[in-house]
Amino acid sequence: MAEPSKVIHVRNVGHEISENDLLQLFQPFEVITKLVMLRAKNQALLQMQDVPSAINALQFYANGEEYLRSILITSGTKTMDQNAQGRGDEPNRILLVTIQHMLYPITVEVLHRVFSPHGFVEKIVTFQKSAGFQALIQYQLRQSAVSARTSLQGRNIYDGCCQLDIQFSNLDELQVHYNNDRSRDFTNPNLPTEQKGRSSQHPGYGDVGVGFPQVGIAQIMMANAAAIAAAFGGGLPPGISGTNDRCTVLVSNLNPHRIDEDKLFNLFSLYGNIVRIKLLRNKPDHALVQMGDGFQAELAVHFLKGTMLFGKRLEVNFSKHPNITQGADTHEYVNSNLNRFNRNAAKNYRYCCSPTKMVHLSTFRQDVTEEEIVNHLAEHGTIVNTKLFVMNGKKQALVLFETEEEATEALMSKHASSLGVISSTRTCGKADKVGIMWV
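Below, the structure is looked at part by part.

Cut-offs used in this document
Residues numbered from 1 in each chain as written. Predicted model: local features only at pLDDT ≥ 70, side-chain atom pairs only at ≥ 80, totals over all residues. Heavy atoms only, no water. Patch = residues over 30% accessible without salt bridge, like charges linked within 9 Å, V, L, I, M, F, W, Y side chains within 5 Å. Areas by Shrake-Rupley, 256 points an atom, 1.4 Å probe, with all protein chains shown as cover. Salt bridge = Lys/Arg side-chain N within 4 Å of Asp/Glu carboxyl O. Helix = DSSP H or I, 4+ residues; strand = E, 2+ residues; numbered from the N terminus. Buried < 20%, exposed > 50% of the residue type's maximum accessible area, 1.4 Å probe, protein only. Arc of directions from axis to C-beta. Phe/Tyr/Trp six-rings, centres within 6.5 Å; stacked < 30°, edge-to-face > 60°. Pairing = 2+ DSSP bridges. Axes fitted to C-alpha atoms, helices over the stretch in contact; angles between N-to-C directions. Contact = heavy atoms within 4.5 Å.

Some remarks on a nonpolar patch on the surface
So, step 1. There is a patch of nonpolar side chains on the surface, built from Leu103, Tyr104 and Tyr158 and spanning about 250 Å² of accessible area.
So, step 2. Turning to its location among the elements, Leu103 is positioned in the loop between strand E6 (94–100) and helix H4 (108–115).
So, step 3. By relative accessible area, which is 30% here, Leu103 ends up partly exposed.

In structure tokens:
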């Protein structure tokens, strides 16, 4: 068995996961000295300050075999530079470029205008991978690639979007067969534009595996399209079409003895703003939830269908009713300050996922202890582990339950509740209310 290392290997890092997400995940375990995102492989390498810090992080996340939002964390066995396998910091004349938060189509011409000021660009190839829209850019000289990476890493092609994530590729030579919007050999202008028998209409759009995503943000006609683009890197999560216009969802197979409108609000507000909720009195295990728009409703249906809750498996489907009529039996939430997507919408979209075993607690009193957190949540299930930490000057916590169902019940029941004993001389303000979400 390999000796412990201060390098942590993170796999299944989707395009929606940013460097900041990983830093926040591991910051509670002391100093992170280095982070390399291997976008082409959907992986990342984190180097902690020392081996004990890395061991503590791995032990907290179920000894390296625990999934967090589908991210798999395992131990490294070498130093960061050894694990990089020719990518990251080892100079090469070919760059691997990942475009994040892509609001506008990126063509070969656009990339050439961005990268050519740093040296002669010989070849460009673009393609669509699970990490997002990517390009390989080959310079004539290695020093030109080094200069481009130094100057352009983290910069935006357009204001506020299309951010460049640049690594050195481990390829020696690019093979370009066609000169078009998706690939270009600037040393051979005589290459054909398309393979014979293949239509060249609308190049780069709708081609499998290349070009701009077939279903993109432009097809979602909503006011929050920019936030969605920023969260999902210009595309959409797998299984989400972005074309739904039905805002109301029907929730069935609820446990009528354990559920109420506020608990449903706490659950569904993870996927969008809530307008109103109605429990159906003639069907006690049914409820209607009206979301802020069709995209948010689609997220809720996609991620919550089949969730175990209070001993029953939820059914979540789009309702035939376009909205819920106001009445004495409806609860209004449209003006609630607990609606998460009125602020930091892009961040909240990025954290949309199916229920997990781990919840993140924030916005509670700064003198709260780990024991108080455990006591506050223990009635909802077995707590496997807890971690208190300070980020941006504020105390926060991670709590790992034994099952997803227990974590979901804790989130539904205790989000926006008062954590700890509040003195009778104090009023319970926003800082006393705990905010809970999955990680």
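A look at H4
So, step 1. Along H4, the residues that are buried comprise Val108, Val110, Leu111 and Phe115. Down the axis, H4 shows its buried residues gathered within 160° of arc, on one side only.

Here's the deal with the packing of aromatic side chains
So, step 1. Counted according to the given criterion, the structure contains 4 aromatic pairs.
So, step 2. Put simply, the rings of Phe295, Phe341 and Tyr349 touch in pairs and so form one group of aromatic residues.

Focus: the sheet that holds strand E21 (residues 394–401)
So, step 1. Sheet architecture is open: 4 strands sit in the order E20-E21-E19-E22, paired in antiparallel fashion. Edge strands, defined here as strands with exactly one partner in the open sheet, are strand E20 (383–391) and strand E22 (435–438). Going across the sheet, the axis of each strand differs from the next one's by a mean of 20°, ignoring polarity.
So, step 2. Of the strand pairs in this sheet, E20 and E21 are connected by 8 bridges, and their pairing is antiparallel. From the neighbouring strand, Met391 faces E21, where its bridge partner is Lys394.
So, step 3. Against the sheet, helix H10 (residues 370–377) engages strand E19 (358–362), E20, E21 and E22, with an angle of about 135° to E20.

Observations concerning unusual backbone geometry
So, step 1. One non-glycine residue, Asn253, lies in the positive phi region at around 65°.
So, step 2. Looking at the secondary structure, you find Asn253 in the loop between strand E12 (248–252) and helix H7 (261–268).
So, step 3. A positive phi angle is found at Thr363, which is not glycine, with a value near 55°.
So, step 4. Position of Thr363 relative to the elements: it lies in the loop between E19 and H10.

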